[in-house]
Amino acid sequence: MWRVTINCSADDWRIQGTAFKELATKYPASLLSSKKMHGDERRIMEYQIENVSDAEDFTEACLTIPGFTAMFESL
């Protein structure tokens, strides 16, 4: 299993949040957590994915959204 962690600023979430949500539905990922940080209101989302290829693809797709960063690691 793999965990994909995605980060973005509050401004980027307001602008690109809908695009991210649409993108996330295209992958066999289960949402583990979604946090809105106090203070700067940046977002941190974690998803679980079974297949490493899907985790890589999801990570790369997230990086195409302006202002979003993503990484994956083994669980």
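The structure this text deals with has already been given above.
Residues numbered from 1 in each chain as written. Predicted model: local features only at pLDDT ≥ 70, side-chain atom pairs only at ≥ 80, totals over all residues. Heavy atoms only, no water.

(A) Summary view of the overall build of the protein chain. If you tally the helices and strands in the protein chain, you get two helices and four strands. When the helices and strands of the protein chain are listed from N to C terminus, the series reads β-α-β-β-α-β. For a compact globule of 75 residues, the expected C-alpha radius of gyration is about 11 Å, and the protein chain comes in at 12 Å, within 12% of that figure. With the principal axes as the frame, the protein chain shows a C-alpha extent of 35 × 20 × 15 Å. (Helix = DSSP H or I, 4+ residues; strand = E, 2+ residues; numbered from the N terminus. Rg over C-alpha atoms; globule rule 2.2 N^0.38 Å.)

(B) Fine view of the pairing of strand β2 (residues 29-36). In terms of strand pairing, β2 meets strand β3 (residues 43-49) through seven bridges, oriented antiparallel. Residue pairing across strands places S33 opposite E46, the latter belonging to β3. Here β2 hands over to β3 after six residues, with G39 in that stretch at a positive phi of 90°. (Pairing = 2+ DSSP bridges.)

(C) The nonpolar core, seen in detail. Judged by nonpolar contacts, the single largest core of 17 residues is most densely connected at I6, F20, M45, Y47, F58, C62 and F68. Looking at this core, the elements that each hand over two or more residues are β1 (2-8), α1 (10-24), β3 and α2 (52-63). (Core = buried A, V, L, I, M, F, W, Y, C linked by side-chain atoms within 4.5 Å. Buried < 20%, exposed > 50% of the residue type's maximum accessible area, 1.4 Å probe, protein only.)

(D) Local environment of the environment of E73. Relative to the elements of secondary structure, E73 occurs in strand β4 (residues 69-74). Distance from E73 to Y27, taken between C-alpha atoms, is 16 Å for residues 46 residues apart in sequence. The residues contacting E73, other than those within four sequence positions of it, are M1, W2 and R3. (Contact = heavy atoms within 4.5 Å.)

(E) Spotlight on α1. Across its 15 residues, α1 extends only 18 Å between first and last C-alpha, which sits more than 12% below the 21 Å expected from 1.5 Å per residue. At Q16, α1 shows its maximal bend, which comes to roughly 70°. What α1 keeps buried is the set A10, W13, Q16, G17, F20, L23 and A24. Tucked into the core, α1 has its buried residues touching β1, β3 and α2. (Expected span 1.5 Å × (residues − 1). Bend = angle between axes of the 7 residues up to and from the residue.)

Keep in mind that these numbers describe shape and distance, not what the molecule does.
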